[in-house]
Amino acid sequence: MKKLKEIKLNDFQLNVLLNEQEKEEYKFLLQDNVYCPHCKEVCEDGIEVTENILNWLNDILVKGKCRKCGKEVNRFIELGEDKEFFDRANAFRRSIGNLKD
Ligand SMILES: [Zn+2]
């Protein structure tokens, strides 16, 4: 597979890219399922998102800060394995000139 470029997604782009179910999954994962290596536990207060990146596998890498300690945390949202999402992500890439056929 050809390596895709990383793209930083703004809030608008993220909103367009995810379907309703994926938006729920995104919220759920960020609320209760981000491990903070500093607190050595799941961020119980959630995280403050600083960046959303569509990575080379069409997964979304969320970068943020633990609301409890303020340290950097990362969470992969593994959507790229879903063929339907993968195709939608590539269509999005084409729409912004990031991917050529
Ligand atoms: Zn923390």
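To be clear, the structure that these remarks concern was listed above.
Below, the structure is looked at part by part.

**Points about the coordination of the zinc ion**
Logical step 1: The zinc ion binds to the protein through C36 (SG), C39 (SG), C66 (SG) and C69 (SG), with metal-donor distances spanning 2.2 to 2.4 Å.
Logical step 2: Because the angles between the 4 donor atoms bound to the zinc ion fall within 102 to 117 degrees, the donor set is best described as tetrahedral.
Logical step 3: In the primary structure, the donors to the zinc ion are separated according to the pattern C-x2-C-x26-C-x2-C. Here the residue C36 occupies a position in strand β2 (residues 35-36), and C69 occupies one in the loop between β5 (60-66) and β6 (72-77), the gap between them amounting to 33 residues.
Logical step 4: Under the relative-accessibility criterion, C36 is labelled buried at 0%.
Logical step 5: Note on C69: relative accessible area 28%, which makes it partly exposed.

**Regarding the side chain of N90**
Logical step 1: In this fold, N90 is placed in helix α3 (residues 83-95).
Logical step 2: According to the relative accessible area criterion, N90 is buried, its value standing at 11%.
Logical step 3: Of the polar contacts made by the side chain of N90, one reaches the side chain of N58; its length is 3.1 Å.
Logical step 4: Excluding residues within four positions of it along the chain, N90 makes contact with L4, N58 and L99.

**So, α3**
Logical step 1: The end-to-end C-alpha separation of α3 is 18 Å, in line with the 18 Å expected for 13 residues at 1.5 Å each.
Logical step 2: F85, F86, R88, A89, N90, F92 and R93 are the residues of α3 that are buried.
Logical step 3: Residues of α3 that are buried in the fold lie against β1 (7-9), α1 (11-17), α2 (20-32), β4 (47-54) and β5.
Logical step 4: Near the N-terminus of α3, the side chain that reaches the backbone nitrogen of E84, with its oxygen 3.0 Å away, is that of D82.
Logical step 5: A positive phi of about 75 degrees marks G97, the residue just after α3.

**Some thoughts on the pattern of salt bridges**
Logical step 1: Applying the stated criterion across every chain yields a total of 8 salt bridges.
Logical step 2: Residue K23 is joined to E20 by a salt bridge in which the shortest nitrogen-to-oxygen separation is 3.5 Å. Here K23 pairs with E20, and both are found in helix α2, just 3 residues apart, close to one helical turn.
Logical step 3: Classification of E20 by relative accessible area gives exposed; the value is 56%.
Logical step 4: With its nearest N and O atoms 2.6 Å apart, the salt bridge here joins K83 to D87. You can see K83 and its partner D87 sitting in helix α3, 4 residues apart, about one turn around the helix.
Logical step 5: Given a relative accessible area of 58%, K83 falls into the exposed group.
Logical step 6: Residues joined in a network through salt bridges with shared partners are E22, E84 and R88.

Cut-offs applied
Residues numbered from 1 in each chain as written. Predicted model: local features only at pLDDT ≥ 70, side-chain atom pairs only at ≥ 80, totals over all residues. Heavy atoms only, no water. Donors = N, O, S within 2.8 Å, 3.2 Å for Na, K, Ca; no water. Tetrahedral: all angles 85-135°; square planar, octahedral: opposite > 155°, others 65-115°. Helix = DSSP H or I, 4+ residues; strand = E, 2+ residues; numbered from the N terminus. Buried < 20%, exposed > 50% of the residue type's maximum accessible area, 1.4 Å probe, protein only. Polar contact = N/O pair within 3.5 Å; in protein donor to acceptor, adjacent residues only side chain to side chain. Contact = heavy atoms within 4.5 Å. Expected span 1.5 Å × (residues − 1). Salt bridge = Lys/Arg side-chain N within 4 Å of Asp/Glu carboxyl O.

In short, the description is geometric, and any link to function would need to be established separately.
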